[in-house]
Amino acid sequence: MNELIERFAGRLEEIRQRRPVVHNITNFVVMNFTANALLALGASPVMAHAPEEVEEMAALAQAVVLNIGTLSTPWIGSMFLAARAASAHSIPIVLDPVGAGATRFRTETARRMLQQLRPAIVRANASEILALAGEPTHTRGVDSADTVAAARSAALELARRNHVVVSLTGIEDYVTDGARTAAIANGHPLMGRVTGTGCVATALTGAFCAVEPDPWLAACGALIVIGIAGELAARTHRRPGSFQTGILDALDEIDRAILQTNARLTTALP
Amino acid sequence: MNELIERFAGRLEEIRQRRPVVHNITNFVVMNFTANALLALGASPVMAHAPEEVEEMAALAQAVVLNIGTLSTPWIGSMFLAARAASAHSIPIVLDPVGAGATRFRTETARRMLQQLRPAIVRANASEILALAGEPTHTRGVDSADTVAAARSAALELARRNHVVVSLTGIEDYVTDGARTAAIANGHPLMGRVTGTGCVATALTGAFCAVEPDPWLAACGALIVIGIAGELAARTHRRPGSFQTGILDALDEIDRAILQTNARLTTALP
Amino acid sequence: MNELIERFAGRLEEIRQRRPVVHNITNFVVMNFTANALLALGASPVMAHAPEEVEEMAALAQAVVLNIGTLSTPWIGSMFLAARAASAHSIPIVLDPVGAGATRFRTETARRMLQQLRPAIVRANASEILALAGEPTHTRGVDSADTVAAARSAALELARRNHVVVSLTGIEDYVTDGARTAAIANGHPLMGRVTGTGCVATALTGAFCAVEPDPWLAACGALIVIGIAGELAARTHRRPGSFQTGILDALDEIDRAILQTNARLTTALP
């Protein structure tokens, strides 16, 4: 296990040295927090959504992150343009299907993006994964054991069918490429009390993708980092306002030694 | 009086247990702060504005909050769609006519929304209420005694004419349904130095509406909570940046005992 | 030198007394931080972008700030409308050509705005200034000595050709109207780890423009203030999350004495 954590630590150092450009087309609620999280980690965030420039911007980036949190038809059009430019340049795409399952528009858009844009990674929670897989959801609050099991099974199936890494977050995170699986037990309940911690997990996944060619490892590294950031922030901040600030500080603080001491990763390889 | 505060405390506990979904169509400046304030209070914020999904999203919510802070014609269209879906499902609507009186577009939009969308509550400051009522305004800075008196009179008139609760914030807040009135003396001057504290008051009003069927009580409860949050934050934070963080922490901290000790409410019943 | 700092201190006091309205048409990422920075300084931020109201809003303001960070064709249209209304009322315009040089759309839009809207001040970094001047850029990270020299030379040329004050930020800032030049050595490296510190510098430049008729002085005053704010914040906050909060607190704290002690300004007058 130490070997994998060593690899994540190396990738984190690479992010800080190379400062990869992560092009985000994301939602209005989390743009500031996401950009600051990427900067705190060491990456270079760019936000741009105009159809006139997204192809050019995506081609300049080392990863493209698409997040449908406040989706609209014009923004979806820009996401498709950016993704196609990214694919043409072999730049990895990370998809966050925020709210899939809540409305038909979200569910259908998320499925269409998964099928047509060929993201390297989908980062989502249990109800979103179930919606992507076409299974009944309506979960809210802490997921039941049944929901977690159903979502993991759907994640495996989605990963195999779509050749995508599924990065399923929850009390315990679960990352699979359809063959390898990882369970990550980092994180803190206060993360659910701050808007955008899931979106930040997705954005950091983009940063790891920019330096790590194996998307399963990139997804695992990012979830460990955001999970530990939540744990570090919760040590000194007990309420959500200061906790959010603490997450940004922790993303800046995390290093090889902190990763080695705190990472809680279990893998199952085929 | 203790009886009313007890009721607000019970509603606050209900928000934390039931975590009602509050669907916000709000302005770009405050989306993050508003979502975090709702989460800190205990509610479940949702932001969605696409015409393809707002009706479905509004119907899933327990309250709908419409805020015209960065209004545009397409977003107004979505607000109308969401409001009509909410009304069809008897879901309460809270309106924040940000900047009414500053431009004709805002004033006319705010009036049209008040008349056609039948909000349960309008939360606004003195100049916005005067603009809605068709009276001359041009107030800026601390409202004069004359302005306060004129705005309260306009609030009463608006409440009666439109069958709406008017939640008028200022140094001392004033809430009326045209018959009952309440004055709330909670709050702190630093709240005027942080963008979006008014918008947060509106969003929290939505959260209270989701669990309190009497909109006059919902409006009073929300203003007491945000006012006390400002007071608590000001005890440890003397400057606006850390004060904003402190407001979120305080919204998480407020409980029955804090409400009982700090609420400053005066009511006049018919 | 003390005389200039005295003048900036007087202007800062004027901002706090008169609370000028600064109308921002800016990017989604920094709207909240920008509005809070203007409030912390003492100004009155307004954000509005609908074509139906931007002319009226701009005419109510004492300065208009245009920032193309998340530009799109409809928003550019609104920026042109607002700028023309501002010019018609002799209200100063400050332009932030975020990302000029990164995509053709940005470069061309920024040049068009510079030439057609006659801003009083352009606030930008080295690569943006080089892009505006039509010179090759592709700088990222800390600017080399060569890049700094090239950007200053381009700034002088742009200032003369376009009758604009160029406010070029970097390790050492450089402000010129084509005749006078100033070098400002305030600031802190952590400012590059928080999104929007450049955009905040631009917005504060708008606030100074609202009370200082000489745009070269307005630009210098604003850069000294944001630079010192960064230094003050870095004294107590060593990581980017809390540092961002600290910048807002520092903008509220800065006064005449702090300016006199900390300003690091060198001028060259013709």
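In this convention, every chain numbers its residues from 1, walking through the sequence in written order. Chains and ligands are labelled by the order in which they are written, letters from A for the one and numbers from 1 for the other. Since the coordinates come from a predicted model, pLDDT governs what is reported: local features require at least 70, and pairs of side-chain atoms require 80 or more to be given and counted, while whole-chain, interface and lining totals use all residues.

Each residue gets a C-beta atom placed from its backbone, and two residues are in contact if those atoms lie within 7 Å. Every contact between the two is made by 25 residues of chain C and, on the other side, 24 residues of chain B. Under the scheme used here, helices are H or I runs from DSSP no shorter than 4 residues and strands are E runs no shorter than 2 residues, and both carry numbers assigned from the N terminus. Secondary-structure elements contributing two or more residues to the side of chain C that touches chain B are helix H2 (31-41), strand S2 (44-47), helix H3 (54-60) and helix H10 (240-253) of chain C. The residue makeup of the side of chain C that touches chain B, split by class, is 13 nonpolar, five polar and seven charged. When residues are sorted by character, Ala, Val, Leu, Ile, Met, Phe, Trp, Tyr, Cys and Pro go into the nonpolar class, Asp, Glu, Lys and Arg into the charged class, and all the rest, Gly among them, into the polar class.

To superpose the copies, least squares is applied to the C-alpha atoms of every residue with a pLDDT of at least 70 in both. After a rotation of 120 degrees and a shift along the axis of 0.0 Å, chain C superposes on chain A with an RMSD of 0.0 Å. Taken together, the rotation and translation describe the operation of a three-fold axis. The rotation axis passes nearest to the C-alpha of Phe 28 of chain C in chain C, at a distance of 3.8 Å. Each copy contacts the other with its own distinct surface, as only 12% of the interface residues of chain C are interface residues in chain A too.

Turning to the environment of Ala 203 of chain B, a few remarks are in order. Residue and element names in this part refer to chain B. Inspection of the secondary structure puts Ala 203 in helix H8 (residues 197-209). Here Ala 203 falls in the buried class, since 30 other C-beta atoms lie within 10 Å of it. The spacing of Ala 203 and Arg 264 is 61 residues in sequence and 21 Å in space, taken between C-alpha atoms. Setting aside chain neighbours within four positions, we find Ala 203 in contact with Val 22, Asn 24, Thr 34, Ala 37, Leu 38 and Val 65. Exposed residues have 12 or fewer other C-beta atoms within 10 Å of their own C-beta, buried residues have 20 or more, and partly exposed residues fall in between, where C-beta atoms are placed from the backbone.

Turning our eyes to something else, we now look at helix H1 (residues 2-18) of chain B. Residue and element names in this part refer to chain B. Between the first and last residue of a helix there are one fewer steps than residues, each counted as 1.5 Å, and that sum is the expected span. The terminal C-alpha atoms of H1, which comprises 17 residues, lie 24 Å apart, in line with the 24 Å expected from a rise of 1.5 Å per residue. For H1, the full list of buried residues reads Phe 8, Ala 9, Arg 11, Leu 12 and Ile 15. The buried residues of H1 occupy one face: seen down the axis, they fall within an arc of 160 degrees. When the buried face of H1 is taken as reference, the exposed residues oriented beyond 90 degrees from it are Asn 2, Glu 3 and Gln 17. Just downstream of H1 lies Arg 19, where phi reads positive at about 45 degrees. The directions from the helix axis to the C-beta atoms are what the arc is built from.

Here we take up the sheet that holds strand S7 (residues 173-176) of chain C. All names here are of chain C. Two strands qualify as a pair provided that DSSP identifies no fewer than 2 bridges between them. What the nine strands build is an open sheet, ordered S2-S1-S3-S4-S5-S6-S7-S8-S9; its pairing is mixed. In the strand order of this sheet, the two ends are held by S2 and strand S9 (265-268), each with one partner. With strand direction ignored, the average angle separating the axes of adjacent strands in the sheet is 20 degrees. Across four bridges, S7 lies against strand S8 (residues 181-184) in antiparallel orientation. Its bridge partner lying in S8, Asp 173 is registered against Ile 184. Only the stretch in contact is used when fitting a helix axis, every axis being a line fitted to C-alpha atoms; angles between N-to-C directions are given from 0 to 180 degrees.

Residues other than glycine seldom take positive phi values, yet Arg 118 of chain A does so here, at roughly 50 degrees. Here Arg 118 of chain A is to be found in the loop between helix H5 (104-117) and strand S5 (121-125). Here Arg 118 of chain A falls in the partly exposed class, since 16 other C-beta atoms lie within 10 Å of it. For Arg 19 of chain B, which is not glycine, the phi dihedral falls at a positive 45 degrees. The residue Arg 19 of chain B is located in the loop between H1 and strand S1 (21-25) in this model.

Let us look at the sheet that holds strand S4 (residues 93-96) of chain B. Residue and element names in this part refer to chain B. The mixed open sheet is built from nine strands, whose spatial order is S2-S1-S3-S4-S5-S6-S7-S8-S9. Two strands bound the open sheet, and with one partner strand each, they are strand S2 (44-47) and strand S9 (265-268). Going across the sheet, the axis of each strand differs from the next one's by a mean of 20 degrees, ignoring polarity. As judged from the four bridges shared by strand S8 (residues 181-184) and S9, these two strands associate in the antiparallel manner. Residue pairing in the sheet places Ala 182 in a bridge with Thr 267 of S9. The sheet strands contacting helix H2 (residues 31-41) are S1 and S2, and the helix crosses S2 at an angle near 155 degrees.

The next subject is the relation of the copies chain C and chain B. Aligned on chain B, chain C shows an RMSD of 0.0 Å; the corresponding rotation is 120 degrees and the shift along the axis is 0.0 Å. An overlap of only 12% is found between the interface residues of chain C and their copies at the interface of chain B, pointing to separate contact surfaces.

The interface is formed by 24 residues belonging to chain C together with 25 residues belonging to chain A. Taken together, the elements giving at least two residues each to the side of chain C that touches chain A come down to H2, helix H5 (104-117) and H10 of chain C. With five residues, the top contributor of residues to the side of chain C that touches chain A is H10 of chain C. Per-class residue counts for the side of chain C that touches chain A are nine nonpolar, 11 polar and four charged.

Right, let's talk about the environment of Leu 130 of chain B for a bit. With respect to the element layout, Leu 130 of chain B can be found in helix H6 (residues 126-132). Spatially, the C-alpha atom of Leu 130 of chain B lies 9.0 Å from that of Arg 152 of chain B, the residues being 22 residues apart in sequence.

Moving on: the packing of helix H8 (residues 197-209) of chain C against helix H9 (residues 215-236) of chain C. Residue and element names in this part refer to chain C. The interhelical angle for the contact between H8 and H9, taken along N-to-C directions, is 130 degrees, at an axis separation of 8 Å. With respect to their mutual orientation, H8 and H9 come out oblique. When the axes of H8 and H9 are compared, the crossing they make is right-handed. Every residue of H9 that contacts H8 at Val 200, Ala 201, Leu 204, Thr 205, Phe 208 and Cys 209 is listed here: Pro 215, Ala 218, Ala 219, Gly 221, Ala 222, Leu 223, Val 225 and Ile 226. Partitioned by chemical class, the residues of the contact of H8 with H9 number 12 nonpolar, two polar and no charged. Working definition: roughly parallel below 35 degrees, roughly antiparallel above 145 degrees, roughly perpendicular at 65 to 115 degrees, and oblique for all remaining angles. Left-handed describes a crossing in which the near helix is turned anticlockwise from the far one by less than a right angle; the clockwise case is right-handed.

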